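In case you want the letters, here they are:
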Protein chains: 2
Amino acid sequence: MSPPAGGSADGWAADSRAAELCETALAGDRRSLARLLTAVENRTPIAEAALRRLYPLAGKAHLVGITGPPGAGKSTLVAALVGELRAAGRTVAVVAVDPSSPITGGAILGDRVRMQAYAGDRDVFIRSMAARGHAGGLASTTGAACAVLDAAGFEIVMIETVGTGQSEVEVAAAADTTVVLEAPEMGDEIQAIKAGLLEVADLVVVNKGDRPGAQRTASQLRAMLGGRRGQHGPPVMITTAATGAGVPELLAAIDRRRAEGALDDAAATRLARAEAEVRGALADRIGRLLAEPTLAAARETAVRAVAAHRIDPYSAADELLRTLVGPDGRPGSAR
Amino acid sequence: MSPPAGGSADGWAADSRAAELCETALAGDRRSLARLLTAVENRTPIAEAALRRLYPLAGKAHLVGITGPPGAGKSTLVAALVGELRAAGRTVAVVAVDPSSPITGGAILGDRVRMQAYAGDRDVFIRSMAARGHAGGLASTTGAACAVLDAAGFEIVMIETVGTGQSEVEVAAAADTTVVLEAPEMGDEIQAIKAGLLEVADLVVVNKGDRPGAQRTASQLRAMLGGRRGQHGPPVMITTAATGAGVPELLAAIDRRRAEGALDDAAATRLARAEAEVRGALADRIGRLLAEPTLAAARETAVRAVAAHRIDPYSAADELLRTLVGPDGRPGSAR
């Protein structure tokens, strides 16, 4: 495989380290896999070099987004699905996206106790990822993490996000199959509607099905989703993740998505995800070129000129873009 | 002034429309100013063309960020500062950044009743901006909006953000002067600390100063901010925005920042803002080049190859970057 374009000494070092980590991760070493995911999370040169190697091996896993308003029981349902998959001898990875804000902080993966049952199980891999500092890049970072886990051979990769912000909705929508959870509602308002989540749902689940109002919430959702312009809405199912009721049926519905073409290369979500990843890579590439010491002077000059309002940011960007790409049109060849 | 690089027919049309809007906005037409800000919010080609024209005229306004946890009384304080400025015959614009999420929605600028007093006052301009769909680009979009208002001649541009997320903190930190509000706390926890806001504060204000605990909260904040490594912390002041108490002193402290060099071209915040704006412009430029019909085929091919895992996103990005920039190193010359 080829090293990064315009490979510097640092590029070669990253590539060599990535090669080592990929080899051991693919051979089943979980610590190497964890390190690759850390590199992806921090968008380091190792991540880029590793993705170049791993990406062609990916594309087989079913990426399943699990999202919903806080309190809908996402973590418990993820744990129940993991249990169901393991009982059938299937492999599964979970990426819990943590939209760490200065205020909320903390991890989503609340159900650590249940998950600890799998601490020694090499066919389950659980990882929480911070969203901090990657505003806008969350979808492409999560996509890259999924590609690594996919290449590592996990059959299903679940992405758990709390559906409370635009970027979390984008992450959920980037999965092959998006499961939107809703708790039974006592009032009239269905939380998932307020959050704009139903629009991205492939499967809708009313969880905590043993509570009063579950059937009524499911009926409301069916009426709402099925009634529009005569189209079939997404299936609405009822689960009680805490007892496991309805979980096998949900897994069967998830599996049916594969037969329905959700994992085909030309599926809309796969194309959208590819586009987000290309845009993310482009942003990384440009960010990294801008950070090169050889370009520091040009960058510095541009920023000072903009700060002094001698030039507008767009003209400065054009100037930098020309410098970045160099006279022969090869990225990095300006060096 | 020069049109956008590689100017197409569309580029010329945008430039001509921008020229018209800039001329009328600078002549005092508020509807044209509002339209320019809408263009900036949507990052249209008109915004780019307008910024090329207006940017050299900007750099004189004092950009004042007003942030703090929900309930600290930001809108009321902004209204009180506007009143104080108008009483002195000074001009002021307010940009209220609305971190519209699918869940929270709505506008921050809650104190509309107070603000309506200025409905007929041409020396006050109030605008709320949605953050929706610009994750990560919020800082550069806000920067561009401030540059437009700055060029339009407002002496002070206030940026009101609720300090509850990384991007809102970034927006606040991009101002020349960042005022962090805190309400008197009954408990032990100071909200602004949890939100990581104090780190970006140039001035700290305990608002709702007529409530019990205001003095104690101010003392706690002073002890906390002044005690670290023998450095002087930011001033901690007490205001009661609802009655106006402490507001003239706060405005005097804001004005002192200008004398202290906060508005100098080489001030750290001005350089950081310029860098964010250059990066934002670079992202816009690349996004727009990618969207060009003449490049649709290359983009489509790259995305399909990535979706099929025939190529990794980084290699696809490199390929696109070469196509984008063209053989002579001029952006857009590939056409």
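Residues numbered from 1 in each chain as written. Chains lettered and ligands numbered in written order. Predicted model: local features only at pLDDT ≥ 70, side-chain atom pairs only at ≥ 80, totals over all residues.

(A) Spatial organisation of the overall build of chain A. When you go through chain A residue by residue, the secondary structure sums to 13 helices and 7 strands. Relative to its 335 residues, chain A shows a buried fraction of 52%. Within chain A, contacts between residues separated by at least 24 positions form 74% of all contacts whose residues are at least 6 apart in sequence. (Helix = DSSP H or I, 4+ residues; strand = E, 2+ residues; numbered from the N terminus. Buried ≥ 20, exposed ≤ 12 C-beta atoms within 10 Å, placed from the backbone. Contact = placed C-beta atoms within 7 Å.)

(B) The pairing of strand β5 (residues 177-182) of chain A, seen in detail. Residues and elements named next belong to chain A. A large share of β5 lies buried, amounting to 6 of its 6 residues. Residues Thr177, Val179 and Leu181 of β5 are buried on one face, and the alternating residues Thr178, Val180 and Glu182, pointing to the opposite face, are buried as well. Bridge analysis of strand β1 (residues 62-68) against β5 gives 4 bridges, and the strand direction is parallel. The partner of Thr67 across the bridge, within β5, is Val180. Pairing between β5 and strand β6 (residues 203-206): 4 bridges, direction parallel. Residue pairing for β6: Val180 is matched across the bridge by Val204. (Pairing = 2+ DSSP bridges.)

(C) Molecular detail of unusual backbone geometry. Non-glycine residue His309 of chain A carries a positive phi angle of around 60°. Within the secondary structure, His309 of chain A sits in the loop between α12 (296-307) and α13 (313-325). The phi angle at Lys208 of chain B is positive, at roughly 60°, despite the residue not being glycine. Its location among the elements puts Lys208 of chain B in the loop between β6 (203-206) and α9 (214-226). Using a count of 22 C-beta atoms within 10 Å as the deciding quantity, one classes Lys208 of chain B as buried.

(D) Spatial organisation of the packing of helix α2 (residues 30-41) of chain A against helix α3 (residues 45-54) of chain A. Residues and elements named next belong to chain A. Put simply, α2 and α3 touch, their axes get as near as 7 Å, and they point 115° apart. In terms of crossing hand, the pair formed by α2 and α3 is left-handed. Along the contact surface, α2 presents Leu36, Ala39 and Val40, while α3 presents Ile46, Ala47 and Ala50. In terms of residue class, the contact of α2 with α3 is built from 6 nonpolar, no polar and no charged. (Axes fitted to C-alpha atoms, helices over the stretch in contact; angles between N-to-C directions. Left-handed = near helix turned anticlockwise from the far one by under 90°. Nonpolar A, V, L, I, M, F, W, Y, C, P; charged D, E, K, R; others polar.)

(E) α9 of chain B, seen in detail. Residues and elements named next belong to chain B. Between its terminal C-alpha atoms α9 stretches 18 Å, which fits the 18 Å expected from 13 residues at 1.5 Å a residue. Turning to α9, its buried residues are Ala214, Thr217 and Leu221. In an axial view of α9, the angular spread of the buried residues amounts to 65°, which keeps them on one side of the axis. More than 90 degrees from the buried face of α9, the exposed residues found are Gln215, Ser219 and Ala223. If you follow the buried residues of α9, they end up packed against β5 (177-182), β6 and β7 (236-238). (Expected span 1.5 Å × (residues − 1). Arc of directions from axis to C-beta.)

(F) Structural view of the pairing of β1 of chain A. All names here are of chain A. Burial runs high along β1: 7 of the 7 residues are buried. Side-chain alternation along β1 places His62, Val64, Ile66 and Gly68 on one buried face and Leu63, Gly65 and Thr67 on a second face that is also buried. Two strands pair when backbone bridges link them, and β1 and strand β4 (residues 156-162) are joined in this way by 7 bridges, in the parallel orientation. Bridge pairing in β4 links Thr67 to Thr161.

(G) Molecular detail of helix α3 (residues 45-54) of chain B. Of all 10 residues in α3 of chain B, 9 are buried, a share of seventy percent or more. Of the positions making up α3 of chain B, those classed as buried are Pro45, Ile46, Ala47, Glu48, Ala49, Ala50, Leu51, Arg52 and Leu54 of chain B.

(H) Here's a closer look at the environment of Glu170 of chain B. All names here are of chain B. Examined against the element boundaries, Glu170 turns out to sit in helix α7 (residues 166-173). Classification of Glu170 by C-beta neighbours within 10 Å gives buried; the count is 20. Between the C-alpha atom of Glu170 and that of Leu197, which follows or precedes it by 27 residues, the distance is 9.9 Å.

(I) View of the nonpolar core. Ranked by size, the top nonpolar core spans 195 residues in total, and within it Ala50, Val148 and Val157 of chain A together with Ala50, Val148 and Val157 of chain B carry the most contacts. Contacts of Val148 of chain B, omitting those with residues within four sequence positions, involve Leu36, Leu37, Val40, Ala50 and Leu54 of chain B. (Core = buried A, V, L, I, M, F, W, Y, C linked by C-beta atoms within 7 Å.)

(J) Representation of the environment of Thr323 of chain B in the model. Residue and element names in this part refer to chain B. Along the chain, the position of Thr323 falls in helix α13 (residues 313-325). Given 20 C-beta atoms within 10 Å, Thr323 falls into the buried group. Sequence-wise, Thr323 and Arg299 are 24 residues apart; in three dimensions their C-alpha atoms are separated by 9.5 Å.

(K) Layout of the confidence of the model for chain A. All names here are of chain A. Chain-level pLDDT for chain A is 81 on average; 80% of the residues reach the 70-or-more range. Residue range residues 1-6 is modelled with pLDDT below 50. Its contacts to residues more than four positions away, or to other chains, number 16 contacts. Here the prediction assigns the complex a pTM of 0.65, and the interface score ipTM is 0.79. (pLDDT = per-residue confidence, 0-100.)

(L) How the structure looks around the packing of helix α11 (residues 268-291) of chain A against helix α12 (residues 296-307) of chain B. At a minimum axis distance of 8 Å, the contact between α11 of chain A and α12 of chain B shows a crossing angle of 110°. With respect to α12 of chain B, the element α11 of chain A is oriented roughly perpendicular. Seen from α11 of chain A, the contacting residues are Arg270, Leu271, Ala274, Glu275, Glu277 and Val278 of chain A; seen from α12 of chain B, they are Ala302, Val303, Val306 and Ala307 of chain B. (Parallel < 35°, antiparallel > 145°, perpendicular 65-115°, else oblique.)

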